[in-house]
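# Understanding the architecture of this molecule
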Amino acid sequence: MQTRAQTANARSSPERLAPAVRPNARRLREMVHHSILNMEERIAALEECDVMTESRKQSVIRISKMLETMCGEFKAYHYEIVAGLESDEAAAKEQLVFDEHQKKTMEFIDRLG
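### Some words on the side chain of H101
With respect to the helices and strands, the residue H101 is situated in helix α5 (residues 88-112). Residue class for H101 comes out buried when judged on its relative accessible area of 0%. The residues touching H101, leaving out its near neighbours within four places in the chain, are H33, I36, C71 and F74.

### Focus on α5
With 25 residues, α5 should cover 36 Å at 1.5 Å per step; its first-to-last C-alpha distance of 36 Å lies within 8% of that length. Buried within α5 are the following residues: E94, F98, H101, K104, T105, F108 and L112. Those residues of α5 hidden inside the fold are in contact with α2 (25-37), α3 (40-48) and α4 (54-83).

### Quick notes on the packing of α3 against α5
Taken N-terminus to C-terminus, the directions of α3 and α5 make an angle of 25 degrees; their axes are 10 Å apart at the nearest point. In this view, α3 runs roughly parallel relative to α5, as classed from their interaxial angle. Along this stretch, α3 crosses α5, giving a crossing that reads as left-handed. Mapping the contact onto sequence places E40, I43, A44, L46 and E47 in α3 and K104, E107, F108, R111 and L112 in α5.

Criteria and thresholds
Residues numbered from 1 in each chain as written. Predicted model: local features only at pLDDT ≥ 70, side-chain atom pairs only at ≥ 80, totals over all residues. Heavy atoms only, no water. Helix = DSSP H or I, 4+ residues; strand = E, 2+ residues; numbered from the N terminus. Buried < 20%, exposed > 50% of the residue type's maximum accessible area, 1.4 Å probe, protein only. Contact = heavy atoms within 4.5 Å. Expected span 1.5 Å × (residues − 1). Axes fitted to C-alpha atoms, helices over the stretch in contact; angles between N-to-C directions. Parallel < 35°, antiparallel > 145°, perpendicular 65-115°, else oblique. Left-handed = near helix turned anticlockwise from the far one by under 90°.

Here's what the structure looks like:
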């Protein structure tokens, strides 16, 4: 008879787990973009504060770092998408997506400043 630990290990063994499916680059890029857009509430809350306490300054720094990281991820997924494009028309369409992302990100960075 197996112990509980042996049963749990048997259930979570690599042979029994289905392989993880990675979303495609386009879906990952969209997820990162939405994560960036969701930061607007936090930025707006900081803008409403009359006094910038040390805690709020730390929040600004954390949000800035998060934006930087997410922008890097967005660009990586974007370049992966663009690398697979065949037509100039498709590349131009993707450039519009990138430009819109950059515009929104810069707006957030300016607001945090």
